[in-house]
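Architecture and fold: a report
In case you want the letters, here they are:
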Amino acid sequence: EAYQSNRLGRVSRDCLADKALVLYFEGKQRDEALLRALQQVYKQFGCEEGLGHFEVVYITAAESAEQFAACFRAMPWLTLPFTHALRREQLRHLFEVDPDDCAAVLLHMDGTTISREAKPLMALAHRLQSSIDEKRSESSYQKDLAKLIEKERKSLAQLEKRLQEGVVSRLGRVAKQLFAQLRAREVAEFLAEGGCPDKALHAELEAAAAAVEVAREGLRALDADALEELRVADSPPSAPVREAVEAAATLLQVRPDFAHAQARLMPRPGAFVERLLALEVGQVPAAARPRLRRFLGSAAEEGQCEATPPAAEASTAVAVALRGWVCALLRHEAAALEVEMAAECISCTPAMQAAVECICDLHGLHEVEEDLRGALLMADRFSRDAAAAGAAEEEEGEDEEVSELQDKASMVRRLVGLMEEGLKAAAKEVPKLQEGLAEPSPHADFGRRHEEVPDQLHALRDPEAPKGPHTVHAHALVRATLLISKPAVVQSAGADKGALLGEVIKSIGELYAKIQDAAIDKQAEGVTPAPDVTEAEWEQCKALVGGINGKALAQASRSFSTWHEWLSKVAELHSAKAGLLSKRNAAKQAKEQLLAINKQLDAAGLDSPFSLALMHSVAQAAKDAGQPLRRSQLCWVLERAKGDERVAISLATSQASARRALPVLRDPSLLSNFDVSAVTPAMARRVKETLSSVEALQTHLAELSALDEEAGEAVGRRVGERPQVGDTVLVLSSRDDEASRFVGMAGRLEEDDGSSQPFLVLFPSGGDYENQTWWFYEGEIEASELLAGIAEPIEHGSEATGEEGGEEGEEGDEE
């Protein structure tokens, strides 16, 4: 009973006869890599069933029987009993194994030592065996996949043959019939922008435009004194005036509050009228009419506005002019909307419209969701620009200029942002330094110790007094203090140290007060103790203070040391304030530069009612899609999209497809040369959706569905949809390291329990993993119709080459 086993219990030494041994010494921390390697080798040699000529003996490092039992419970090999501590210690000593480290010793069958460093050998064996297993599994999987691919290739060849014989030839015949029977007028009406046939609506729009001009003239004729009185008023004016100002603010998209409108719209004389006259008729906010319903009265519901307010006798000329301007703009907006809605009414039948949309979808316009007609109109309008090459080059040059200005503005804007961040940090530093000077700690308060300085300076003037290392530093302090408080004294004294000492002895209190007051003054931009002090003298002062040995001063005099600390803080504060001032000036210059660039950009964009940011965003999206826009194209597409960035980008990026679809719509005979292979599943799906929306085309949709089933393309789940039980699935990834061997393999979904790890997948043909199962998380597997056959068990072995085998092969091809 020299050894212990989980499977056999106590065993004798005879069980090791004629077996090679691995002594597995456990350290303080378990080596998982070594443990996995031993487990793999042990299983590979069949040692778990007692058949192999190989055995592992586990030598524990556990300090208690419970810890030993917990570690050994999952091990299939032998171990020394926990009570045999002396044997374990002798073995560690014999093979010189460090008790802190995990180790493996390999012994021959005759007991001789093969290697005391078997740990890397076991790791190498583990890696090699894993590689062999992976290659074997991959080879088996590749064979199965090759069979499936060959089967699919034959099936595709048959489908292609049937396609050429049936669908393609039918396509040519239908295209000829289409050209003969098509009502070209309907297609032309679909492509046309559409005009409003109602002359009354046009007359109303013209009358509304005239009313807007009259209202603007009324604004220009307002008395300047009355407007100035309104601008500087301390209290709200009469109700009619206040309501008229708030209504105008609503159209200008400013909060409808008189005080707020007064601050935002009337910053200077004449600014209010300028803002009103700058608002174009097409810029009226869509939400303005509902918000102004009460102001306009009951007539607003009918789209008509009276230019004269209720209670006219109490109104002023300003209120009348403002109300007329608001009503005129809203009237024009309502009339323009009526004309636009009438223009959208076309006589193209729903069936023809759906058919045209299907043609566009099949030419790549399936991603245009909102304004398909707009995409075709843009392609038509800007495809005939060959005659305007010079104008195009000029526009491109202007666009390049604007682009350069926008890039420059963006760079300066980022620079201003960085400068402002630096200003904030510097602005926080200055108050801290001033607070340290205003309220120093007791041991560093020069305000209380400066009275002691004259007596100590007298000692420096005495030629018989002993001189120490501090003498030079004390003279430097004197000169530095006078440089920033009385620079004229320093200039007149020159190198006369006695004169400088006398001045400080006489007026140290005055000097301290001047410097201290200048330093803690929060209103001043700099530190200026004397009006004639220059930056050069400040630099000399800082150099002198920086060269002073504080320790030498502290040993000689506490007063001198405190003086030095105080003057150092003053110099640091001056540097901080000077740096802050420099940063402010630089930020101011950068902002002025940015303002100048923005003015240039505004001047370049005066011909467009849209913001430059919106224009740049749409232009960049079109450029990224390989459809760069000129200025005229950009303005057209934004006007067509009514400033909607998403719609504008959709129109701009679809132009290549629109230019392909447009000739076909004008000449349907071109469909006889249509490339069927260019149709993507997304295009086909969109065509089916379009056909399903028109009742008259349901028969065509049924034909398409029948053709799909005949071709083996029954409707399946889209990528990303949840797989169903029975689906063939492909393993995309796995959070579990042990399941990484299944990544890239196909299996059959056996169960979906709806938990956080819901999918149980069976791998019927996985080589060494054949018929194994594993649980996967959502997103780790995906349904795959292409690999449907690989999830079924595949017969391995020799293939018959006789007559019977040939018949089976033909049947397989037919399937």
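What comes next concerns the included structure. What you are looking at is a predicted structure, and each value in this text was computed from that prediction instead of being measured. (Residues numbered from 1 in each chain as written. Predicted model: local features only at pLDDT ≥ 70, side-chain atom pairs only at ≥ 80, totals over all residues. Heavy atoms only, no water.)

Let us now look at the overall build of the protein chain. The helix and strand tally for the protein chain stands at 31 helices and 12 strands. Taking all 815 residues of the protein chain together, the buried fraction comes to 38%. In the protein chain, the share of contacts with a sequence separation of at least 24, taken over all contacts with a separation of at least 6, comes to 69%. A total accessible area of about 46,200 Å² is found for the protein chain, and carbon and sulfur atoms account for 52% of it. (Helix = DSSP H or I, 4+ residues; strand = E, 2+ residues; numbered from the N terminus. Buried < 20%, exposed > 50% of the residue type's maximum accessible area, 1.4 Å probe, protein only. Contact = heavy atoms within 4.5 Å. Areas by Shrake-Rupley, 256 points an atom, 1.4 Å probe, with all protein chains shown as cover.)

Moving on, we come to helix H1 (residues 32-44). The first and last C-alpha atoms of H1 sit 18 Å apart over 13 residues, in line with the 18 Å expected at 1.5 Å per residue. Within the span of H1, buried status applies to Leu34, Leu35, Ala37, Leu38, Gln40, Val41 and Tyr42. Capping the start of H1 is the job of one residue whose side-chain oxygen sits 3.2 Å from the backbone nitrogen of alanine 33: aspartate 31. Glycine 46 sits one or two residues past H1 and shows a positive phi near 75°. (Expected span 1.5 Å × (residues − 1). Polar contact = N/O pair within 3.5 Å; in protein donor to acceptor, adjacent residues only side chain to side chain.)

Here we take up the pairing of strand E6 (residues 103-107). Among the 5 residues of E6, 5 are classified as buried, and the element is accordingly described as predominantly covered. Bridging between E6 and strand E7 (residues 113-115) involves 2 bridges; their strand directions are antiparallel. Bridging across to E7, leucine 107 finds its partner in threonine 113. Hairpin connection, E6 to E7: the antiparallel pair is bridged by 5 residues, and glycine 111 has positive phi, about 95°. (Pairing = 2+ DSSP bridges.)

Among the nonpolar cores identified, the biggest contains 44 residues, and Leu457, Val478, Ile484, Val504, Phe560, Trp563 and Trp566 are the most heavily contacted of them. Every element with two or more residues in this core is listed here: helix H16 (389-438), helix H18 (453-461), helix H19 (470-485), helix H20 (487-493), helix H21 (497-520), helix H22 (535-546) and helix H24 (558-604). In terms of residue count, the dominant contributor to this core is H21 (10 residues). The contacts of isoleucine 484, once residues within four sequence positions are left out, are Ile515, Pro529, Ala530, Val533, Trp538, Cys541, Leu567 and Val570. Judged by nonpolar contacts, the second largest core, of 38 residues, contains Ala215, Leu222, Ala248 and Trp325. (Core = buried A, V, L, I, M, F, W, Y, C linked by side-chain atoms within 4.5 Å.)

So, on to the state of the cysteines. Under the definition given, this model contains 0 disulfides. Summary of cysteine pairing: cysteine 358 is not part of a disulfide, and the nearest cysteine sulfur, belonging to cysteine 360, is at 9.2 Å. On the accessibility criterion, cysteine 358 (8% relative accessible area) is buried. (Disulfide = S-S within 2.5 Å.)

We now examine the pairing of strand E4 (residues 54-59). Counted residue by residue, E4 has 6 buried out of 6 residues, so it is predominantly covered. By the alternation rule, side chains of E4 split into Phe54, Val56 and Tyr58 and Glu55, Val57 and Ile59, which are all buried. Pairing geometry for strand E3 (residues 20-25) and E4, over 6 bridges, is parallel. If you follow phenylalanine 25 over to E4, its bridge partner there is isoleucine 59.

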